[in-house]
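# Understanding the architecture of this molecule
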Amino acid sequence: MLEKIISIISEYQDIPADTIHADSHLVNDLGFTSYDMVSLVGKFEDEFDIEVPDRKIKLMKTVDDIVKFIEAATEE
Amino acid sequence: MVYIFDRLDQYTDEAYENHLSSLPTWRKEKALQYKKLDDRKRSVLAFVLLQHALREEYGIIEFPEFVYNEFGKPSVPNLSVHFSLSHCKDAVVCAVSNHNIGIDVENIVPYDHDVARRICSTAELEILERGKDRDIDFIKLWTMKEAISKHDGRGISMLYDQISDKDYVVCTREMPQSNCMLSICLGQKCNENTNIIPTILDINADDL
C-alpha cells in the first residue's frame, strides 16, 4: 500500500518516489497546497474506490496518515 | 499593501542561493525541508517578499521566528503588523497590513467537480456548472474562500465548512501573465477596516 500511495504522490507532485517516505510531511516536505490535498484525495477515491470524508482530509499530515486511512477504508 | 512575484522563471539559482544564505537559520531550515528546488525557491521568495514589505513600509529590518496557531496561521510575536503569505506553481504573494488580512494565489487549472463539491454549497455548484468559464469561476471562488479562511486563521479546516464569501470583503485579481488568480480578504463586511483596498505591487527579482 505504501508503495502505491508514494507512486501516486510522486506522479502528482513530480517528485522522485525514492525521496518520499512514510513520515514525509505533505505540506512541509512535499510542497502540497490546500488545493493539492483536496485534488489528490479525489485520485485516491477513484483509485481505491473509497469515500474520504472532509474531516479525514484535515487529519492527513503525512504519507503514513494516508496509508493508514486507506488501509482501514479498504478493509471495511 | 500586496506584493506579487510572478516571474518565477526569471528567479535564477544564483539569486535563490543569495537569498537563502541571507535567511535566518529557522527559515532556511524550513525552505530546505522541501524536496523540490522549485518549492524551496517559493518558500524563500515568500519570506524575502515579507522582509521587503516590512522594511519598505514599516522600517522593520529584523523580526523573530514565526509562531503558528493550531491551524498553521503564522504570526510574529510582538509585531503589530499583520501579514499573509501564499504561493502556487507560478506566483508568490505577500500581504501586509495594520489589520488582519488573508491572501491566496492559485494557478488557474481545469475545473474539477470532485474538488468543487468539497468546498461549494449546492447553490454555488449550480452556478458554476451553468457558467461559461468554470475554470476561472471556480479558482476565483476557491481563492476567495481560502483567503477568508486564512484571514480567520482556520486554514484548510474552514474550507470544508462551505464558507460564504458574501459575509466578507474580498478583492480578486486575475493574473494573466502567470495564469493565476489572487484573492485578498480584508475582513467581515461589518468591519470598518475593510474599506481600504490594498495597493498591489508587482515585484521583480531586481527589487529584492
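First, a word on what this report is: a plain description of the structure on this page. Every chain's residues receive numbers from 1 upward, in the order its sequence appears when written. Chains carry letters from A onward and ligands carry numbers from 1 onward, assigned in written order. Restriction of local features to residues with pLDDT of at least 70 applies here, the model being predicted, together with a cutoff of 80 or more for giving and counting side-chain atom pairs; totals for whole chains, interfaces and linings are based on all residues.

## Some words on the interface of chain A and chain B
On the chain B side, the residues contacting the 15 residues of chain A number 17 residues. Helix and strand labels come from DSSP, where a helix needs a run of H or I of at least four residues and a strand needs a run of E of at least two; each type is numbered from the N terminus. Tallying contributions element by element places helix H2 (residues 34-48) of chain A first for the side of chain A that touches chain B, with six residues. Here the nonpolar group is Ala, Val, Leu, Ile, Met, Phe, Trp, Tyr, Cys and Pro; Asp, Glu, Lys and Arg are the charged ones; every other residue, Gly included, is treated as polar. Looking at the side of chain A that touches chain B, its residues break down into five nonpolar, seven polar and three charged. Contact criterion: two residues are in contact if their C-beta atoms, reconstructed from the backbone, are within 7 Å.

## Digging into H2(A)
All names here are of chain A. With 15 residues, H2 extends 21 Å between its outermost C-alpha atoms, agreeing within 8% with the 21 Å of an ideal straight helix rising 1.5 Å per residue. Neighbour counting defines burial: a residue surrounded by 20 or more other C-beta atoms within 10 Å of its own C-beta is buried, one with 12 or fewer is exposed, and intermediate counts give partly exposed, using backbone-placed C-beta atoms. Residues of H2 that are buried include every one of Ser34, Tyr35, Val38, Leu40, Val41 and Phe44, and no others. Asp49 sits one or two positions beyond H2 and adopts a positive phi of about 55°. Expected span, for any helix, means 1.5 Å times one less than how many residues it has.

## So, the packing of helix H1 (residues 2-13) of chain A against helix H4 (residues 63-75) of chain A
Residue and element names in this part refer to chain A. The N-to-C vectors of H1 and H4 enclose an angle of 125°; their axes lie 10 Å apart at closest approach. Relative to H4, the element H1 lies oblique. At the point where H1 passes H4, the crossing takes the right-handed sense. On H4, the residues that touch Leu2, Ile5, Ile6 and Ile9 of H1 are Val63, Ile66, Val67 and Ile70. Class assignment for the residues of the contact of H1 with H4 results in eight nonpolar, no polar and no charged. Orientation is described by lines fitted to C-alpha atoms, with helices fitted over the stretch in contact, and by angles between N-to-C directions that extend from 0 to 180 degrees. Small angles under 35 degrees read as roughly parallel and large ones over 145 as roughly antiparallel, with 65 to 115 read as roughly perpendicular and the rest as oblique. The crossing is said to be left-handed when, going from far helix to near helix, the turn is anticlockwise and less than a right angle, and right-handed when the turn is clockwise.

## Digging into the nonpolar core
All names here are of chain B. In this structure, Leu49, Leu50, Val93, Cys94, Ala95 and Ile184 are the most contacted members of the largest nonpolar core, which totals 68 residues. With nine residues, the top contributor of residues to this core is helix H3 (residues 37-58). Ignoring anything within four residues of it in the chain, the contact list for Leu50 reads Phe83, Leu85 and Cys94. Here, a nonpolar core denotes buried Ala, Val, Leu, Ile, Met, Phe, Trp, Tyr and Cys residues that are linked to one another through C-beta atoms within 7 Å.

Taken by themselves, the reported measurements are silent on function.
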